[in-house]
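One-letter residues, chain by chain:
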Amino acid sequence: MAVISYREAVARGLREALQEDSRVFLMGEDIGPYGGSFAVTKGFWEEFGEARIKDSPLSESAIVGAGVGAAMAGLRPNVEIMTINFSLLAMDQIVNHAAKIRYMSGGQFSVPLMIRTVTGGGASVGATHSQSFEGWYASVPGLYVVVPSTPRDALGLFRTCRELGDPVLYVEHILLYGTRGEVPDEPYKIPLGQAEVKRLGRDVTIISYSRSVQVSLAAAELLATEGIQPEVVDLRTLRPLDIETVVQSVKKTHHVVVVEEAPKQGGFGAEVAAQVQRQAFEYLNAPVERVAGEEVPMPYSPPLERLAIPDADRVARAVRALLAS
Amino acid sequence: MLSKGQLLEFYRQMHLIREFERECERQYTRGNIKGFLHVYSGEEAIAVGAISTLQPQDYVVTHYRDHGHALARGVNSKAVMAELFGKSTGCSKGRGGSMHMFDAEKNFMGGYAIVGGQLPVAAGLALASKYRGEDRIALCFLGDGALNEGEFHEAMNLAAIWKLPVIYFCENNLYGMGASAANNLVMYQEIYKMAAAYGIEGIQVDGNDVLAVRELMEQVTHRVRQGQGPIFVEARTYRLRGHSIADPANYRPTEEVAYWQSRDPIPSYREWLLKDGGATQAEIDQIHAAVERELVVAAEFAEKSPFPVAADLYRWVYQEDGA
C-alpha cells in the first residue's frame, strides 16, 4: 500500500478516467495551465491537451449546463466547480436539469455528469467561501452526493462515480487536500451507499462525513484516554444514505452524536438523527445529540472561525455530556 | 428550390400544430390536461421553417412552449397528446407534461421550463458534436424573456469562444408572460444585434413567414455545419393566445392583437400557396381532412391509454443498474 495525499487520490481518479475512457473530458475554471485552484489538475493540460482539459470562462451555470448537454449526447464530462459556494450559480443546471432529465424524459436520456467541488471552512476565507452545502444537494432525487474523508475513499468512490449513469456531486474538503493515507495498490472500488466504521468502539456512535470524520476520530482519541471508546461511522455518501450501518452501530453503543460543519438548523445531521430515532428508538439510552456549525455566517477572524466549526474538543464535550445524562 | 410537396408539407405541419393546440384547449377545459398549458398558436412558421432545415442527426432543444417544436420535428402527435394527458404512452412516459416533451429517436432533446436553462444544455450538445468530430448541429429555441437571464449571457459567450455548432433561435413574441418587452423588459429592442457583443452574428427574420424562416435557416444551418461557430437568429412573432391557457391576455392592446391576427402565418401562407405556390383548394382540403383525422386518433389514443402504474413511481429516478 502506498501512502498518498487526498489531492493525489482525486488526481489519480481523474487521470485514470482520462486515460481509460475517451468520452471523459474536463471543464472548469483555471483547470488548464494554472493546474486548478487546489492544484488537483496540475499537469493535466500538458498531458491530455486542451480539447480534453477545457479551461472555461467564469460561468458556472454554462459549464455545468454544457456538461449536462454533453452527457445527454453520450460523453462523460467531468466539471470542476471551484468551490461549493459557487455551485449556487449553477444550481439551476444541477437541480432543475441534471437531476431531473432522466425522469422527465421517461428514461430516454441519461446525464452521466460528474461535478467535482470543494466544501468546508477553516481556511480563513470568509463567509462566502467557507460553506458546506452538500446537505442541500442531498435532498435532490436524481443526484448522487459523495463526501470522501480519506485518500482511500476519495479514489475508491471516484472510480465508482465515473461509471455511473447519473449526475454526481463529488465533494472534496478544502482542508483535506494535504492529508495523507494508505491506498491499496490493486484497482479497488467503493460502492455508493456504504458507510464505513472508521474506528471500532462500544460506548457511543459518532456519525459524520468528510473532514468531520477526522475531527471525530481526533475526539475519539481524546475520549479513549478517559476510558470512553467511541465508534466512528463515516457516511461517505449522503445520497444514497446507508442508515443500516449506523443502526447496527447504535444497537451496540446506545448513544449517538452526529457531527457536521454546516449550521445545525436543517443540516444533514437532522436527517440522520430522524432516521436513527425511527429505526433504532428502542436501542437509544439518550436523545440523539448533534454537533454542528454555529448559526452564523462564517467569520473571517481565525479565533472566531474556530468557534464556528466543530472541533475535537467540542465533539468530546458533547460525548461526555451525553454519556453523563 | 422547394418542391410543391415540401411547400404543402409546411402547410400541413403548421395547420397540424394550430389544430393540435385547439384540441389541447378543448381537452384542458374537459379536465383531461392538467397544470400549465402554453400553446404555440401564431408562432408555427418558426418551428416549421427552422426545423425543416435540420438533418435527422441534429439536436433540437427548446423551452416550455414546446408542442409545436415537437410536432415539427416529427414527434408523433399521439405521443404528444398522451403526454399531455399524463399517460404512460406519452413521449415522456407521462413524467414530463406539456413543458417537458422529449423524444430520443428524433433527437428532440427536450422542452426546458426554467427560462434560459436550455441554452447551456444546447451548448453542451454542440460541444459533444465538436468533441467527436460529428456532422451534427444543435438548434436551440428561446423566447425573448430568456434574454435577461444570466444563462443567456453565459451560454452565448461559451458558444462563441469554443466556436460551437449551435444556433440560438429567439422567438420574440414581444411579451415575457404578461409584460411587454418594449415597455418593461429590455431597453434595446433590436435584440438580434445583442449577439454582436459576443462576437456572434445576429440575424433578424419575419417569424410569421414560413418561407422566409426556411430560406434564412438553410443558410444558417449550412454555415454552422461548416464549423464557423454559433449564429443567433431573432424572429419577430406573436402569440395569438395568452401566455398560458389561464391567461386571457387582457394586457395587450386590441389594435396590436388585430394587427398580428391580420399577419397570422397560416392563412397568409395558404393564400400564397393557392395563388403562387401551385396548390389547389382540393389539396388544402385534403390536408385539413387528414389533420382532423389525425387529431381524432391522437385524442382517442390519449384517452384510452393507461396512466403510469403506482409501482413505477420510482422508475427512472436513477439508472436501474446504477450504483
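To be clear, the structure that these remarks concern was listed above.
Cut-offs applied
Per-chain numbering applies: the sequence of each chain, read as written, is numbered from 1 onward. The order in which chains are written sets their letters, starting at A; the order in which ligands are written sets their numbers, starting at 1. Predicted model: local features are reported for residues with pLDDT of at least 70 only, side-chain atom pairs are reported and counted for 80 or more only, and whole-chain, interface and lining totals are derived from all residues. Note that the side-chain values use all heavy atoms of the structure and ignore hydrogens as well as water. Residue contacts follow a heavy-atom distance rule, with two residues in contact if any of their heavy atoms lie within 4.5 Å. A 1.4 Å probe defines the accessible area here, and the buried area is the portion of it lost by two parts on being joined, summed over both. Here a polar contact is recorded for every N or O atom pair within 3.5 Å, except that within protein the pair must consist of a potential hydrogen donor and a potential acceptor, and residues adjacent in sequence are included only if both atoms are side-chain atoms. Runs of H or I in DSSP of at least four residues are treated as helices and runs of E of at least two as strands, each being numbered from the N terminus. Any residue that is not Ala, Val, Leu, Ile, Met, Phe, Trp, Tyr, Cys, Pro, Asp, Glu, Lys or Arg is counted as polar, Gly included; the first ten are nonpolar and the last four charged. The pairing criterion for strands is at least two bridges between them, as found by DSSP. Axis lines are fitted to C-alpha atoms, over the contacting stretch for helices. Their N-to-C directions set the angle, which ranges from 0 to 180 degrees. When a carboxyl oxygen of Asp or Glu is within 4 Å of a side-chain nitrogen of Lys or Arg, the pair counts as a salt bridge. Whether a residue is buried, partly exposed or exposed follows from its accessible area with a 1.4 Å probe, protein chains only, as a fraction of its type maximum: under 20%, in between, or over 50%, in that order.

(A) Layout of the interface of chain A and chain B. In this complex, chain A contributes 48 residues to the contact, which on the side of chain B involves 38 residues. Roughly 3,500 Å² is buried in total at the junction of chain A and chain B, and carbon and sulfur atoms are behind 66% of that figure. Considering only the side of chain A, the residues that lose the most area to chain B are Tyr103, Met104 and Gln108 of chain A, jointly responsible for 20% of the buried surface there. Our enumeration of links across chain A and chain B arrives at 19 residue pairs in polar contact (both at pLDDT 80 or more). When residues of the side of chain A that touches chain B are traced back to their parent elements, those giving at least two are β2 (24-28), β3 (53-55), α3 (60-72), α4 (91-98) and α5 (101-104) of chain A. With ten residues, α3 of chain A is the single largest residue contributor to the side of chain A that touches chain B. Among the residues forming the side of chain A that touches chain B, the class breakdown is 23 nonpolar, 16 polar and nine charged.

(B) Molecular detail of the sheet that holds strand β11 (residues 230-234) of chain A. Residues and elements named next belong to chain A. Read from one edge of the open sheet, five strands run β9-β11-β10-β13-β14, paired in mixed fashion. Sheet topology places β9 (196-199) and β14 (289-293) at the edges, where each strand pairs with a single neighbour. Strand-to-strand, the axes of this sheet are offset by a mean angle of 25 degrees, without reference to chain direction. The sheet contact formed by strand β13 (residues 256-263) and β14 spans four bridges and is parallel. Looking at the pairing, Val259 lines up with Val291 of β14.

(C) Structural view of the pattern of salt bridges. Tallied over the entire structure, the rule returns 39 salt bridges over all chains. In this structure, the salt-bridge partner of Glu47 of chain A is Arg15 of chain A, at a minimum N-O distance of 2.9 Å. Here Glu47 of chain A is found in helix α2 (residues 44-48), whereas its partner Arg15 of chain A is found in helix α1 (residues 6-20), with 32 residues between them in sequence. Look at Arg15 of chain A and you get partly exposed, because its relative accessible area is 26%. Residue Asp264 of chain B pairs with Arg18 of chain B through a salt bridge whose shortest N-O separation is 2.9 Å. Of the two residues, Asp264 of chain B sits in the loop between α9 (254-262) and α10 (265-275) while Arg18 of chain B sits in helix α1 (residues 4-29), which places them 246 residues apart along the sequence. One exposure class covers both Asp264 of chain B and Arg18 of chain B, and it is buried. Through salt bridges with shared partners, a single network forms among Arg152, Asp153, Glu196, Lys198, Asp234 and Arg236 of chain A.

(D) Inspection of the pairing of β11 of chain A at higher detail. Residue and element names in this part refer to chain A. The buried count for β11 comes to five of five residues, which makes it a mostly enclosed element. The alternating pattern of β11 places Pro230, Val232 and Asp234 on one face and Glu231 and Val233 on the opposite face, and all of these are buried. Sheet topology note: the β9/β11 ladder contains three bridges and is antiparallel. Considered in β11, the bridge of Glu196 is made with Asp234. One ladder, built from five bridges, connects strand β10 (residues 204-208) with β11; its direction is parallel. Along β11, the bridge assignment pairs Val204 with Pro230.

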